[in-house]
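Coordinate inspection notes
Letter by letter, the chains look like this.
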Amino acid sequence: MTNTENEICSAKFNTLIRPYLVINIGVSLAFSIIGLPLAIVWFCGLGQWWARHYFEKLECQLGQKDLRYRKGILFQVEKTIPLENIQDVTFIEGPLLRYFNLSTLRFETAGKGEQSSMHLTGIIDAHNFRNKILELRDRLKRELQNPYQNQLQEANVANNDLAAKQLLALQTIQERLDTIIELLKNNK
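Once that is clear, we can look at the nonpolar core. Buried together is how nonpolar side chains tend to be arranged in soluble globular proteins. Counting 35 residues, the largest nonpolar core has Phe 107, Phe 129 and Ile 133 as the members making the most contacts within it. Ranked by the residues each element gives to this core, the list is headed by helix 4 (residues 126–145), at six residues. In contact with Phe 107, other than residues within four places in its own chain, are Leu 67, Ile 86, Asp 88, Val 89, Ser 116, Ser 117, Met 118, Leu 120 and Ile 133.

Structure follows, in structure tokens:
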């Protein structure tokens, strides 16, 4: 991914995610009869190779209006999530994650009749990153709910400015028209 003017910050990932992934996936393989031989190969070197390359491909960038991430080795996933579609960002810590001083952020999104979630494990200072995402999302939602806000703020530079009063009156008229349209739709 390339840096853009839109980027606010990039997430940094903890290098301890590599041994965590080796152990987590290896133990999961060991618990199945079919996966037991794979677990041996996994712990003998394949897991370390895979975790190193996985870590090198991890990227997450927070922009003004979206969150972009990339992960994977053989099957790379690169996704952009509009901030206004993020419903919740959940902070997850389990015993194994805590042992490696890691956490997982789970992003729940909604859009076009579907709800999905995405996980990112190993972000350094995950609480702060989560708070930045939620703060930007809330600011963006406020701006989308009141599209005239920026114009109104510019117009309010001079308190008694005629343009500010006119813009406020037009905004009020628009809101009332929207309410009337909704009432007419519901009465049909």
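It is worth spelling out the pairing of strand 3 (residues 66–71) at this point. Counting buried residues in strand 3 gives six out of six residues, a clear majority hidden from the surface. Here strand 3 shows no split at all, with Asp 66, Arg 68 and Arg 70 on one side and Leu 67, Tyr 69 and Lys 71 on the other all buried. Strand direction decides the pairing type here: strand 2 (residues 59–63) and strand 3, joined by four bridges, are antiparallel. Following the sheet pairing, Gln 61 is matched in strand 3 by Arg 68. With antiparallel pairing between neighbouring strands as the criterion, strand 2 and strand 3 make up a hairpin whose turn holds two residues.

Strand 2 sits mainly inside the fold: five of its five residues count as buried. Alternating positions in strand 2 separate into two faces, Glu 59, Gln 61 and Gly 63 on one and Cys 60 and Leu 62 on the other, with burial throughout. Across three bridges, the pairing between strand 1 (residues 7–10) and strand 2 is antiparallel. For Glu 7, the partnering residue across the bridge sits in strand 2 and is Gly 63.

We now examine empty space enclosed by the protein. This structure, assessed with the given rule, holds one cavity of 30 Å³ or more. Looking at the largest cavity, its volume works out to about 40 Å³. What lines the largest cavity is Lys 79, Ile 81, Phe 107, Thr 109, Ser 116, Ser 117 and Met 118. The class makeup of the residues in the lining of the largest cavity is three nonpolar, three polar and one charged.

Taken as a whole, the largest pocket encloses approximately 200 Å³ of empty space. Looking at the largest pocket, it is lined by 13 residues, and the ones nearest its centre are Tyr 20, Leu 21, Tyr 54, His 119 and Thr 121. The dominant element in the lining of the largest pocket, judged by the number of residues it contributes, is helix 1 (residues 17–30), at five residues. Here the residues of the lining of the largest pocket are counted per class, giving eight nonpolar, four polar and one charged.

Looking now at unusual backbone geometry. Backbone geometry places Asn 101, a non-glycine residue, at a positive phi of 60°. Looking at the element boundaries, Asn 101 is found in the loop between helix 3 (95–99) and strand 6 (104–111).

What follows is about the confidence of the model for the protein. Across the protein, the average pLDDT comes to 84, with 86% of residues at 70 or higher. The least confident element of the protein is helix 5 (residues 149–155), whose mean pLDDT is 61; the most confident is strand 2, at 93.

Here we come to the pattern of salt bridges. Tallied over the entire structure, the rule returns five salt bridges. Linking Glu 59 and Arg 70 is a salt bridge whose minimum nitrogen-to-oxygen distance equals 2.7 Å. With Glu 59 in strand 2 and Arg 70 in strand 3, this pair connects stretches of sequence that are eleven residues apart. In this structure Arg 70 comes out as buried when scored by relative accessible area, which is 18%.

The next thing to look at is a nonpolar patch on the surface. Taken together, the side chains of Leu 170, Ile 173, Leu 177, Ile 180 and Leu 184 define a hydrophobic patch exposed on the protein surface, amounting to about 490 Å² of accessible area. Checked against the element boundaries, Leu 177 lands in helix 6 (residues 162–187). For Leu 177, a relative accessible area of 44% translates into the label partly exposed.

What counts and what doesn't
- Residues numbered from 1 in each chain as written.
- Predicted model: local features only at pLDDT ≥ 70, side-chain atom pairs only at ≥ 80, totals over all residues.
- Heavy atoms only, no water.
- Core = buried A, V, L, I, M, F, W, Y, C linked by side-chain atoms within 4.5 Å.
- Buried < 20%, exposed > 50% of the residue type's maximum accessible area, 1.4 Å probe, protein only.
- Helix = DSSP H or I, 4+ residues; strand = E, 2+ residues; numbered from the N terminus.
- Contact = heavy atoms within 4.5 Å.
- Pairing = 2+ DSSP bridges.
- 1 Å grid on protein atoms, 1.4 Å probe; cavity = no way out; pocket = protein on both sides within 12 Å on 5 of 7 lines; lining within 4 Å.
- Points joined across faces, edges and corners; volume = space filled by probe spheres on them.
- Nonpolar A, V, L, I, M, F, W, Y, C, P; charged D, E, K, R; others polar.
- pLDDT = per-residue confidence, 0-100.
- Salt bridge = Lys/Arg side-chain N within 4 Å of Asp/Glu carboxyl O.
- Patch = residues over 30% accessible without salt bridge, like charges linked within 9 Å, V, L, I, M, F, W, Y side chains within 5 Å.
- Areas by Shrake-Rupley, 256 points an atom, 1.4 Å probe, with all protein chains shown as cover.

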